[in-house]
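If you want the building blocks of each chain, they are given just below.
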Amino acid sequence: MTKIINSRRELFELINRGDIKTKLGLATIALALGGTFLDAYDFGSIGIGVIQLTKAFHLTPFLVGTMTAAMAFGALVGALYGGRLIDRIGRYEMFLIDLTLFVIGAIGAALSVNYPMLLFFRFLIGLGVGIDFPVALSLIAEYSTLKSKGKNVNLWQAMWYIATVTVYAVGFLMYLYYSYFGVNIWRWVVGLGAVPAAIIIVLRFRYLGESPLWLFARGSPKDIEEFLKKNGYTDITVNKTLENIVSFGEFKKLFQKRYRKRTALATTIAMEQSFEYYAVAFYLPVILSIIFAGNALLAVLGTALVNVAGIVGGTWQAIYTQKIGLRRLAIIGLIPVFIILLTLGLVGKYLSIAVTGILLALFIFFHSAGQGSQGMTMGTLSYPPNIRGVGAGFTQGMIRVGSILGFYALPLLKASVGLYNALLYLSIAPLIALIVTLLIKWDPVLAGGSIDMETFDET
């Protein structure tokens, strides 16, 4: 018997009840999160090259911060403006555009002959990644079942650290053959990022499709019927006079009464975790170089090994997301990260290399297992499909604000008060975020499937 759909609400209800199955395999998740891999890869590649670039372009601490932050400025613009386009024109269309910017930017950055040229191409990379991040997480959320949304979206954190370990492993191999690569190691590492970007673009075009929830909310009756038939639902017919949802991609909704607490919590966690990551984890090669008395090879190898803890933490939190919830995972991470930064700041200079390495690995583990993922995931899952793009885009924008502050924080603080005092000051960030997270009691994972249905609420 043929079922006739007369409203878009009915289509959403079919998904929530499980009448329409939306399957998403690990291979598809990995493909969707390709931009996350490239984002982490590029930040890591510049991290490897900071010392070389400082010498090559005669950079001051401020110019180092500007160089590392250039991509974050681009990602901020891409996230804030791209989020609206993600809601207006669709997830899939944006997927085919954004990584092209990364390919051009990676090649251009690797071939840069001066500082302004490097800044421009790093900004271009950021523009693409800033768009890609929210669209990837939105698509994964809308392809996933209610029981797996949080887990699937939160896999982005493990992907980040897989990329980070990869780039430092590549950097280590190049340092082993320093006589061949020499002062151009940073060019090789950055430029190689264009290769996976090009491959991911081709694979996305071939295998990924539009988000079913976006299509059900925004697509034409004909497009919806084609999607249903393609996925085996030949017994469902869509009324040709299906109503339109007019309020799509409205940025102001994020600050209306229903959503403002969600926005405040997501923003706080997102900014803080980004700030602490880019002020500490990003500069691990620099920190370890100081600890290893300037030995770049040991610093890069140590950074790769320490970041393995991020893969473990990111995978653990994804597995237990549905059971523990995003807010409690953030709290689980914020407390030990605060204690670790406080310890390094107060007594770090008296600790052995082994103990310092263990503390840095624990920092990465708890960051990845806790707040590292939750801000962006919170910003994706807290909103219904009609404003999910702008919500995820705004959260990604706030992550970039945090990263920009973090990029400047360590070089400037280290130059003025020394490394360990800088880490002591940085411990204030997780403490503030912990207080806010304890006060705002909201968790989209524990809220269930009612969030998607808010698409039809115009209040």
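These numbers were taken from a predicted model, which means no experiment stands behind them.

(A) Broad picture of the overall build of the protein chain. The secondary structure content of the protein chain amounts to 24 helices and two strands. Its C-alpha atoms give the protein chain a radius of gyration of 22 Å, near enough to 23 Å, the size a compact globule of 459 residues would have. Dimensions of the protein chain, computed from the C-alpha atoms along their principal axes, are close to 75 × 45 × 30 Å. Burial statistics for the protein chain: of 459 residues in total, 61% are counted as buried. Here the contacts in the protein chain between residues at least 6 apart in sequence split such that 84% fall between residues at least 24 apart. Surface accessibility of the protein chain: about 17600 Å² in total, with carbon and sulfur atoms responsible for 69%. The distance from the centre of the 37 positive side-chain charges to the centre of the 24 negative ones in the protein chain is 6 Å.

(B) Representation of the side chain of Thr 321 in the model. Residue position: Thr 321 is located in helix α16 (residues 321-324). Beyond its immediate chain neighbours, meaning those up to four positions away, Thr 321 contacts Gly 150, Lys 151, Asn 154, Leu 326, Leu 329 and Val 445.

(C) Here's a closer look at a nonpolar patch on the surface. A contiguous nonpolar surface patch, about 450 Å² in accessible area, is contributed by Phe 73, Val 77, Leu 80, Tyr 81 and Phe 123. Here the nonpolar patch takes four residues from helix α4 (residues 61-89), the largest share from any one element. Mapped onto the elements, Leu 80 comes out in helix α4. Overall, Leu 80 belongs to the partly exposed group, its relative accessible area being 36%.

(D) Just the packing of helix α7 (residues 149-176) against helix α9 (residues 185-192), in detail. The N-to-C vectors of α7 and α9 enclose an angle of 145°; their axes lie 10 Å apart at closest approach. As α7 packs across α9, the resulting crossing turns out to be right-handed. Two secondary-structure elements touch here, α7 through Val 167, Val 170, Gly 171, Met 174 and Tyr 175 and α9 through Ile 185, Trp 188, Val 189 and Leu 192. Classifying every residue of the contact of α7 with α9 by side-chain character gives eight nonpolar, one polar and no charged.

(E) Fine view of the pattern of salt bridges. Going through the model one piece at a time under the given rule, you end up with four salt bridges. In this structure, the salt-bridge partner of Arg 204 is Asp 98, at a minimum N-O distance of 3.7 Å. Remark: Asp 98 occurs in helix α5 (residues 91-110) and Arg 204 occurs in helix α10 (residues 194-207); sequence separation between them is 106 residues. The exposure class of Arg 204 is buried, given its relative accessible area of 1%. On the basis of relative accessible area, Asp 98 is assigned to the buried category, the value being 0%. Between Asp 132 and Arg 204 there is a salt bridge whose closest N-O contact spans 2.5 Å. Of this pair, Asp 132 sits in helix α6 (residues 115-143) while Arg 204 is found in helix α10, placing the two residues 72 residues apart along the sequence. Across the pair, exposure class does not vary: Asp 132 and Arg 204 are buried alike.

(F) A look at unusual backbone geometry. For His 58, which is not glycine, the phi dihedral falls at a positive 55°. With respect to the secondary-structure elements, His 58 resides in the loop between α3 (34-56) and α4. Accessibility expressed as a relative area gives 66% for His 58, which makes it exposed.

(G) Highlighting the packing of aromatic side chains. Going through the model one piece at a time under the given rule, you end up with 17 aromatic pairs. Between Phe 251 and Phe 394, the aromatic rings sit 5.6 Å apart at their centres with planes inclined by 70°, giving edge-to-face as the arrangement. One end of the pair, Phe 251, is in the loop between β2 (236-238) and α13 (260-281); the other, Phe 394, is in helix α20 (residues 385-417), and 143 residues separate them in sequence. Note on Phe 394: relative accessible area 11%, which makes it buried. Both rings, one in Phe 255 and one in Phe 394, keep their centres 5.5 Å apart while their planes meet at 85°; by these two values the pair is edge-to-face. A residue pair is termed long-range when its members are at least 10 positions apart, and Phe 255 in the loop between β2 and α13 and Phe 394 in helix α20 qualify at 139 residues. Cluster of aromatic residues (ring-pair linked, three or more members): Phe 133, Trp 156, Trp 160, Tyr 161, Tyr 277 and Tyr 278.

(H) Spatial organisation of helix α22 (residues 428-439). When the terminal C-alpha atoms of α22 are compared, their 17 Å separation across 12 residues agrees well with the 16 Å that a helix rising 1.5 Å per residue should span. Within α22 the residues assigned to the buried category are Ala 429, Pro 430, Ala 433, Leu 434 and Thr 437. Relative to the axis of α22, the buried residues are bounded by an arc of 130° and lie together on one face. Buried residues along α22 sit against α13, α17 (326-347) and α21 (419-426).

(I) Layout of the packing of α3 against α10. Remark: α3 packs on α10, axes separated minimally by 10 Å, with the N-to-C direction vectors making an angle of 170°. On the basis of their axis angle, the class for α3 and α10 is roughly antiparallel. Along the contact surface, α3 presents Gly 34, Gly 35 and Leu 38, while α10 presents Pro 196, Ala 197, Ile 200 and Arg 204. Residue composition of the contact of α3 with α10, by class: four nonpolar, two polar and one charged.

(J) Main features of the environment of Pro 212. Relative to the elements of secondary structure, Pro 212 occurs in helix α11 (residues 212-218). Each C-alpha atom, one on Pro 212 and one on Ile 224, is 8.4 Å from the other, the two residues being 12 residues apart in sequence.

(K) Representation of the environment of Ala 217 in the model. Examined against the element boundaries, Ala 217 turns out to sit in helix α11. Take Ala 217: its relative accessible area is 1%, and that puts it in the buried class.

Conventions and cut-offs
- Every chain is numbered independently, its residues counted from 1 as its sequence is written.
- Residues qualify for local features only when their pLDDT is at least 70, as the model is predicted, and side-chain atom pairs are given and counted only at 80 or more; totals for whole chains, interfaces and linings, by contrast, use all residues.
- To obtain the side-chain values, all non-hydrogen atoms of the structure were included, while hydrogens and water were left out.
- Here a helix means four or more residues in a row that DSSP labels H or I, a strand means two or more in a row labelled E, and each is numbered from the N terminus.
- In this setup the radius of gyration rests on C-alpha atoms only. A globule is expected at 2.2 Å times the number of residues raised to 0.38.
- Working definition: with a 1.4 Å probe on protein chains only, accessible area under 20% of the residue-type maximum means buried, over 50% means exposed, and in between means partly exposed.
- Only heavy atoms enter the contact rule, under which two residues are in contact if any of them lie within 4.5 Å.
- Reported accessibility uses the Shrake-Rupley method at a 1.4 Å probe radius. Residues are deemed covered only where the shown protein chains occlude them.
- His is not counted here, nor are the chain ends, while Lys and Arg score as positive and Asp and Glu score as negative.
- Here the site of a charge means atom NZ of a Lys, CZ of an Arg, CG of an Asp or CD of a Glu.
- Like-charged residues are merged into a patch within 9 Å and nonpolar side chains (Val, Leu, Ile, Met, Phe, Trp, Tyr) within 5 Å, provided each residue has over 30% relative accessible area and no salt bridge.
- For salt bridges, the criterion is a side-chain nitrogen of Lys or Arg within 4 Å of an Asp or Glu carboxyl oxygen.
- An axis is simply a line fitted to the C-alpha atoms; with a helix, the fit covers only the stretch in contact. Between two such axes, the angle follows the N-to-C directions and lies from 0 to 180 degrees.
- In this scheme the handedness of a crossing depends on how the near helix is turned from the far one: anticlockwise by less than a right angle means left-handed, clockwise means right-handed.
- Amino acids are sorted into nonpolar (Ala, Val, Leu, Ile, Met, Phe, Trp, Tyr, Cys and Pro), charged (Asp, Glu, Lys and Arg) and polar (every other residue, Gly among them).
- Pairing of aromatic rings covers Phe, Tyr and Trp, the last through its six-membered ring, and needs centres within 6.5 Å; plane angles under 30 degrees mean stacked, over 60 mean edge-to-face, and all others mean tilted.
- Here the expected length of a helix is defined as 1.5 Å per residue gap, with one fewer gap than residues.
- The arc in question is the one traced by the directions running from the helix axis out to the C-beta atoms.
- Orientation labels follow simple angle bins: below 35 degrees gives roughly parallel, above 145 gives roughly antiparallel, 65 to 115 gives roughly perpendicular, and whatever is left gives oblique.

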